[in-house]
Amino acid sequence: MLVGYFVPQFASLKPLLPYILTLMLYNSLLDISIRPKHFFQKKILFFPLLNWILLPIFILFTSKSFPPYYQIGLLVTIITPTALGSPVITKLTNGKIELSMSFLLIFNILAPISYPILLWIYLSGVEMNIPILAILSRTAKIIFIPLIASLLTKKNKNLHKFMKEKVSPINLFLVILLVMIVISSARLQIEADTPINLLVLFGYILLLCFILYITGYLLARKDPSLQRTLPIALGHKNTGLAILVCVANFSAATALPAVFYIISHHIMNAIFIQKFRQSD
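What comes next concerns the included structure. Everything quoted here is computed from the prediction, not taken from an experiment. (Residues numbered from 1 in each chain as written. Predicted model: local features only at pLDDT ≥ 70, side-chain atom pairs only at ≥ 80, totals over all residues. Heavy atoms only, no water.)

**Focus: the overall build of the protein chain**
Each helix and strand in the protein chain was counted, giving 16 helices and 0 strands. Taken over the C-alpha trace, the protein chain has a radius of gyration of 18 Å; the compact-globule value for 280 residues is 19 Å, and the two agree within 12%. Projecting the C-alpha coordinates of the protein chain onto the three principal axes gives extents of approximately 50 × 45 × 35 Å. Per-residue burial over the protein chain gives 52% buried out of 280 residues. Look at the contacts in the protein chain between residues 6 or more apart in sequence, and 83% of them connect residues 24 or more apart. Counting every atom, the protein chain has about 13,300 Å² of accessible surface; 70% of that belongs to carbon and sulfur. With 23 positive and 8 negative side-chain charges, the protein chain shows a separation of 9 Å between the mean positions of the two kinds. (Helix = DSSP H or I, 4+ residues; strand = E, 2+ residues; numbered from the N terminus. Rg over C-alpha atoms; globule rule 2.2 N^0.38 Å. Buried < 20%, exposed > 50% of the residue type's maximum accessible area, 1.4 Å probe, protein only. Contact = heavy atoms within 4.5 Å. Areas by Shrake-Rupley, 256 points an atom, 1.4 Å probe, with all protein chains shown as cover. Lys, Arg positive; Asp, Glu negative; His and termini not counted. Charge placed at Lys NZ, Arg CZ, Asp CG, Glu CD.)

Below is the structure:
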């Protein structure tokens, strides 16, 4: 974030964002096994209840002091599907990997439809143009091109092994590059805001993240394996996708809540990993 802020030249790389995210998703999907049984678990209904209904309504009523572009970014971030890396965090907490997979697969596949519909519902009163069809088509490309490419790659064992060993490890670099480009692109809007407002925005996002993780923990109803899974499935989000939706359809400043959410959900991930490792 600091490098992106102090090196404005990274903003010139903004046209590369769709390709960066496509490669990130492709690399992540190489490690994911798609099975029909992942799609049939009742507990996945918690996600739309919290992320598509309750928290968006909460945001609409409590974020009126923020500029419209931050409000849009908050909504995009909250309705964003489960992160492709969530099974890794779930494995570290010794949770239910298959349940984590069901959240991941279903809501990322539904993202091209859920983004435009939910944004149209919740942002109809905001004085900004909501490009519904553009969001649908761009998100569909970002989701389905790497999905199909990963499925084809898996059919060739040698190619699959090569891509996992030689290409997938660059995802960490790609995440860093993604954040630097977004911050660099949003530098003028960040400078126009006050440090106090940015701190309040981060605190608000951290609160939303905390609500998701704690609600997931409480919904598990003292089931140890669910307590290790639901918080991550509900709260660990595909922030790269959220950033792209914001930047491609609105502005770089709209993506700032998603950037702050990266910090927030990794704080919560670290807390939950530490908690369950101590209890084992």
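**With respect to the side chain of Ser100**
Following the sequence through the fold, Ser100 ends up in helix H6 (residues 97–109). Setting aside residues no more than four positions away along its own chain, Ser100 makes contact with Ser86, Pro87, Thr90 and Thr229.

**Observations concerning the nonpolar core**
Of all hydrophobic cores here, the largest spans 86 residues; its most connected members are Phe103, Tyr115, Leu119 and Ile243. Ranked by the residues each element gives to this core, the list is headed by helix H16 (residues 256–279), at 10 residues. Each residue touching Phe103, except ones within four places of it in the same chain, is listed here: Lys43, Ile44, Phe47, Thr82, Leu230, Ala233 and Leu234. (Core = buried A, V, L, I, M, F, W, Y, C linked by side-chain atoms within 4.5 Å.)

**Let's talk about a nonpolar patch on the surface**
On the surface, Leu49, Ile53, Leu54, Ile57 and Phe61 cluster together into a nonpolar patch covering about 480 Å² of accessible area. For Ile57, the location among the structural elements is in helix H3 (residues 46–62). We classify Ile57 as partly exposed; its relative accessible area is 37%. (Patch = residues over 30% accessible without salt bridge, like charges linked within 9 Å, V, L, I, M, F, W, Y side chains within 5 Å. Salt bridge = Lys/Arg side-chain N within 4 Å of Asp/Glu carboxyl O.)

**Regarding unusual backbone geometry**
For Asn94, which is not glycine, the phi torsion reads 60 degrees and is therefore positive. Its place among the elements puts Asn94 in the loop between helix H5 (86–92) and H6. Take Asn94: its relative accessible area is 47%, and that puts it in the partly exposed class. Look at Arg221: it is not a glycine, yet its phi comes out positive at around 55 degrees. Of note, Arg221 is situated in the loop between helix H12 (195–219) and helix H13 (224–227).

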